[in-house]
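These are the residues of each chain, in order.
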Amino acid sequence: MEKLDGNTKTNDVCSEEKPFDIQLLYDSLEKCCAESNSLVMEEYLIAFRELYRFFTLLGSVFGFVATDIISKVNILEEYRQSEQSDQYATIQSMIEYESCNGITEDVSRPSGCRTLLRLHRSLEFIMSFMSDFSSADANAKSSTIAQKCYNETLSKFHPWLIRKGATIAMYTLPARQQFIERVCGGPCDEETVEFYGKMMGDIALVSKRIYDETHKLYEANNLLNLP
């Protein structure tokens, strides 16, 4: 777990046991980009807390994604609770504040921009997976979907060993029906399966709006390659 400095204590915002809430995930993403010309940080983090729960439901297969998500959410929560919290109210205000004050260039601690960039990369994989999953037929293999989406997105930021391990782990993912039942927490009727499939498609669409806007902001400020 990365820390802001040597005295910072980790505050695990997802330590409480709560079930995954797909409606909360969608609502938070919607609220994140609801305001004109701003992406609301708190709603962004609420959404990623739910994504963390989503991936932990699937066990060790997506452990590499879940672990990265929660560590980054914790760091950004610490910035949100700091004396400079107002500067981290939106993604736009964070980028402006850190860029103007040389924080993004300080490699002694993980800046908010660097930290959110890692979540941004995860979001590309998430929206790709949920988009393909939502449109797949009932007998589709979630392992095939996940491997394709991973290879097209997150894999380019991972070393060979992690790429190899992730690809092998994804072979254990169940078929589409069983995947949704695992997310639901038990057997699902056809209506529930349809609901979750539709919700995942809706989540992919709103995620793309956030991803595209964030990407433009990072590109405009030359932050896409922060180490």
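Parameters and conventions
- Residues numbered from 1 in each chain as written.
- Predicted model: local features only at pLDDT ≥ 70, side-chain atom pairs only at ≥ 80, totals over all residues.
- Heavy atoms only, no water.
- pLDDT = per-residue confidence, 0-100.
- Contact = heavy atoms within 4.5 Å.
- Helix = DSSP H or I, 4+ residues; strand = E, 2+ residues; numbered from the N terminus.
- Expected span 1.5 Å × (residues − 1).
- Salt bridge = Lys/Arg side-chain N within 4 Å of Asp/Glu carboxyl O.
- Buried < 20%, exposed > 50% of the residue type's maximum accessible area, 1.4 Å probe, protein only.

A. Broad picture of the confidence of the model for the protein chain. Summarising the model, the protein chain shows a mean pLDDT of 89, and 93% of its residues fall at 70 or more. Segment residues 1–16: pLDDT under 50, and 36 contacts once partners within four positions in sequence are set aside and those in other chains are kept.

B. Helix H9 (residues 190–220), seen in detail. Over its 31 residues, H9 extends 45 Å from the first C-alpha to the last, a length consistent with the 45 Å expected when each residue adds 1.5 Å. Immediately downstream of H9, the backbone of Asn222 shows phi near 55°, a positive value.

C. The arrangement of the pattern of salt bridges in detail. Counted by the stated rule, this structure contains twelve salt bridges. Among the salt bridges present, the one from Arg80 reaches Glu42, with a minimum N-O distance of 3.8 Å. Separated by 38 residues along the polypeptide, Arg80 in helix H3 (residues 63–80) and Glu42 in helix H2 (residues 41–57) bring together distant segments of the chain. According to the relative accessible area criterion, Glu42 is partly exposed, its value standing at 26%. Between Asp212 and Lys208 there is a salt bridge, with its nearest N and O atoms 2.7 Å apart. Of this pair, Asp212 and Lys208 both sit in helix H9, separated by four residues, roughly a single helical turn. On the accessibility criterion, Asp212 (30% relative accessible area) is partly exposed. Taking relative accessible area as the criterion, Lys208 reaches 42% and is therefore assigned partly exposed. Put simply, Glu42, Arg49, Glu77 and Arg80 are held in one network by salt bridges that share partners.

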